[in-house]
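Descriptive analysis of the structure
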Amino acid sequence: MKVAVVGATGMVGQVMLKVLAERNFPITELLPVASERSIGTKIEFQNKEYAVIGLEQAVEAKPDLALFSAGGDTSLEWAPKFAAAGTTVIDNSSAWRMNPANKLVVPEINASELTSEDKIIANPNCSTIQMVMALAPLHKKYT
């Protein structure tokens, strides 16, 4: 699977890469993506060095999946461009959370709601995810 990590040089992007490696996510091609000032910077992923690329180059590469952690403005501008190229975008910013056209997903809770038509997927913030993980079993039992 070709995966773009948008915001790869930031703190959250670095953690995303770490988790992808820890989970042995089936990446056949990694596209580390960051701002113009970071293009060409080298990052390491699974003992291999990668050059950071820009957003336009990443869209043109048509990744299967793009994990966004580059802020709301970047997501609002670029997630639709990735989606139009056929990429499924999972956005970590608040940009799409309240948009009724985009599903708000915590995989352990409501991933079954997703379809192949969902190209921009939002996730709640970290404290909400933790709360939902605790409340979901209670809701299931007691509604």
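**Side note on the packing of aromatic side chains**
This structure, assessed with the given rule, holds two aromatic pairs. Each ring, one from Phe68 and one from Phe82, has its centre 5.4 Å from the other, and the planes form 90°; the classification is edge-to-face. A residue pair is termed long-range when its members are at least 10 positions apart, and Phe68 in strand β5 (residues 65-68) and Phe82 in helix α3 (residues 72-84) qualify at 14 residues. Relative accessible area serves as the criterion here: at 0%, Phe68 is assigned to the buried category.

**Focus on the sheet that holds strand β2 (residues 29-33)**
Taken in spatial order, the five strands of this open sheet run β2-β1-β5-β6-β7, and their pairing is parallel. Both edges of this open sheet fall to β2 and β7 (120-122), since each of them pairs with a single strand only. Pairwise comparison of adjacent strand axes, ignoring direction, gives a mean angle of 15° for this sheet. As paired elements, strand β6 (residues 88-91) and β7 share three bridges and run parallel to each other. Bridged to Val89 within β7 is Ile120. On top of the sheet, helix α1 (residues 11-22) reaches β1 (2-6), β2 and β5; it is set at about 150° to β1, its chief contact. Packing against the sheet, α3 makes contact with β1, β5, β6 and β7, and its axis sits at approximately 175° to β5.

About the thresholds
- Residues numbered from 1 in each chain as written.
- Predicted model: local features only at pLDDT ≥ 70, side-chain atom pairs only at ≥ 80, totals over all residues.
- Heavy atoms only, no water.
- Phe/Tyr/Trp six-rings, centres within 6.5 Å; stacked < 30°, edge-to-face > 60°.
- Helix = DSSP H or I, 4+ residues; strand = E, 2+ residues; numbered from the N terminus.
- Buried < 20%, exposed > 50% of the residue type's maximum accessible area, 1.4 Å probe, protein only.
- Pairing = 2+ DSSP bridges.
- Axes fitted to C-alpha atoms, helices over the stretch in contact; angles between N-to-C directions.
- Contact = heavy atoms within 4.5 Å.

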